[in-house]
Amino acid sequence: MSPPLPRVFVAGHRGMVGSAVVRALQGRADLLLRSRDELDLTRQDQVEAFFQQERPDQVVLAAAKVGGIHANNTYPAEFIYSNLVVASTVIHEAWRAGVSRLVFLGSSCIYPRLAEQPLREEALLTGLLEPTNEPYAIAKIAGIKLCESYRRQYNSDFRSLMPTNLYGPGDNYHPEHSHVIPSLLRRFHEAKISGAKEVVVWGSGRPQREFLHVDDLAQACVFALDSPREAWDAQAPLTRSHLNVGSGEELSIADLAALVASTVGFEGRLQFDRQQPDGSPRKLLDSSRLRSLGWAPTVPLAQGIASVYQDFLQGEVRSI
Ligand code: GDP
């Protein structure tokens, strides 16, 4: 008889990241999933009861309040509060319930705005953050430090992954609150349908961004759950315990907009709106530590955007 599958709690399984983690863990784990109505992760009493009752073996902490540059700038209180409280509640109760391994997901915006590129893990806390998403970044830095502290004090095997900008199926297509890829897919698609001659792209078009398909991040999460402790700790020692997850595929927002336009089949002009913020000039991750452990991205950006556009079109059909 094969050994029982580990019981894995995926916190945030309805989100883009959590649902990709669930797809990646299918058949490899006994999944514990709770909707927001069943378990409010901002309520310590509910999280405590859940962990004490269910006693998961492992946890992937993918629950987070996320959004693009405009949402982060507009709702800073919601971003800092909910991300801080979810991280501290889940990590603390996971420790109390004896969870053997936890993977916390952060973001590349934890690094200083003007840190040397590509960003290495040791750039954390060496300078000022990008102001448009500082509250979110502070909450994610707290999550890293929670994992690190529980590891130091209690020897908990709590690991942190810092993904670059993500995209994939199940993304948020809100016209103002989403990230750049879903925003532009929707805007170019609507322009194509309406026959508009011009599409607005926020900012100067000059910022550089790296993008990773969410299925590649999900494989990194599985990898982080499976990697033996000694090998992991050699790359992520106590004093610098987070590891970057990026594709290495970087381009300017202007080039991204051109790629999205050609994927959608929009042939009009691009108008850059410099009244909108650019955010960080660049945030390319150095992911060599995770790669040296054996993880590698598999989805090229052009292919990933084409498949996400198909997903978007199917979503439109479903919503009719
Ligand atoms: P960021 O990496 O935290 O800045 O996240 P975003 O995905 O929101 O934005 C990335 C870059 O794309 C920024 O420079 C934005 O100004 C630019 N951008 C251009 N058009 C859009 C848009 O329609 N929506 C968003 N969210 N960003 C856009």
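Residues numbered from 1 in each chain as written. Predicted model: local features only at pLDDT ≥ 70, side-chain atom pairs only at ≥ 80, totals over all residues. Heavy atoms only, no water.

Novice: Can you help me understand the overall build of the protein chain in this one?
Specialist: Per the secondary structure count, the protein chain includes 11 helices and 11 strands. Its C-alpha radius of gyration of 20 Å places the protein chain within 12% of the 20 Å reference for a compact globule of 320 residues. If you line up the protein chain on its principal axes, its C-alpha atoms span 60 × 45 × 35 Å. For the protein chain, with 320 residues in total, the buried portion stands at 50%. Considering only contacts within the protein chain whose residues lie at least 6 apart along the sequence, 80% involve residues at least 24 apart. Looking at the protein chain as shown, the accessible area adds up to about 14,400 Å², and 51% of this sits on carbon and sulfur atoms. (Helix = DSSP H or I, 4+ residues; strand = E, 2+ residues; numbered from the N terminus. Rg over C-alpha atoms; globule rule 2.2 N^0.38 Å. Buried < 20%, exposed > 50% of the residue type's maximum accessible area, 1.4 Å probe, protein only. Contact = heavy atoms within 4.5 Å. Areas by Shrake-Rupley, 256 points an atom, 1.4 Å probe, with all protein chains shown as cover.)

Novice: I keep staring at the side chain of H242 and nothing clicks. Help me out?
Specialist: Tracing the sequence through the fold places H242 in strand β9 (residues 242-245). Polar contacts involving the side chain of H242 include one to the side chain of Y111, which spans 3.4 Å. Residues in contact with H242, not counting those within four places in the same chain, are I110, Y111, E121, L124, I144, S160 and M162. (Polar contact = N/O pair within 3.5 Å; in protein donor to acceptor, adjacent residues only side chain to side chain.)

Novice: Would you explain the sheet that holds strand β8 (residues 208-213) in this entry?
Specialist: Strand-to-strand pairing in sheets goes through backbone hydrogen bonds, with the strands running parallel or antiparallel. If you walk across this open sheet you meet the 3 strands as β6-β8-β10, and the pairing is mixed. This sheet does not close on itself; its edge strands, each paired only once, are β6 (165-167) and β10 (250-252). This sheet shows a mean twist of 45° between the axes of neighbouring strands, independent of strand direction. The sheet contact formed by β6 and β8 spans 3 bridges and is parallel. (Pairing = 2+ DSSP bridges. Axes fitted to C-alpha atoms, helices over the stretch in contact; angles between N-to-C directions.)

Novice: I tried to follow unusual backbone geometry on my own but got confused; where do I start?
Specialist: Leaving glycine out, the prevailing phi sign among residues is negative, and the prevailing peptide bond configuration is trans. Here the residue pair Q117 and P118 is connected by a cis peptide bond, since its omega of -10° sits within 30 degrees of zero. Assignment of secondary structure puts P118 in the loop between β4 (101-105) and α5 (134-154). Its identity as a non-glycine residue notwithstanding, L125 has a phi of 60°, on the positive side. Relative accessible area serves as the criterion here: at 57%, L125 is assigned to the exposed category.

Novice: Is there a simple way to explain the pattern of salt bridges in this structure?
Specialist: By the definition in use, this model includes 22 salt bridges. Residues D157 and R159 are paired through a salt bridge, measuring 3.0 Å at the closest nitrogen-oxygen approach. As far as burial versus exposure is concerned, D157 and R159 are alike and both buried. A salt bridge links R269 to E198, with the nearest nitrogen and oxygen atoms 3.1 Å apart. (Salt bridge = Lys/Arg side-chain N within 4 Å of Asp/Glu carboxyl O.)

Novice: What is the right way to look at the site of the ligand in this model?
Specialist: Taken together, 18 residues sit near the ligand, with I69, R187, R209, P277 and D278 positioned nearest. Within the side chain of R187, an N or O atom sits 2.6 Å from an oxygen atom of the ligand. Measuring from an oxygen atom of the ligand, one finds a side-chain N or O atom of K283 at 3.0 Å. At the level of secondary structure, the elements contributing two or more residues to the shell around the ligand comprise α6 (180-194) and β7 (198-202). (Near = heavy atom within 4 Å.)

Novice: Honestly, helix α9 (residues 253-264) in this entry has me stumped. Any pointers?
Specialist: A rise of 1.5 Å per residue sets the reference length of α9, with its 12 residues, at 16 Å; its end C-alpha atoms lie 16 Å apart and thus fit the reference within 8%. Regarding α9, the residues found buried are I253, L256, A257, V260, A261 and V264. Down the axis, α9 shows its buried residues gathered within 135° of arc, on one side only. Among the residues trailing α9, G265 stands out with phi positive, at a value near 90°. (Expected span 1.5 Å × (residues − 1). Arc of directions from axis to C-beta.)

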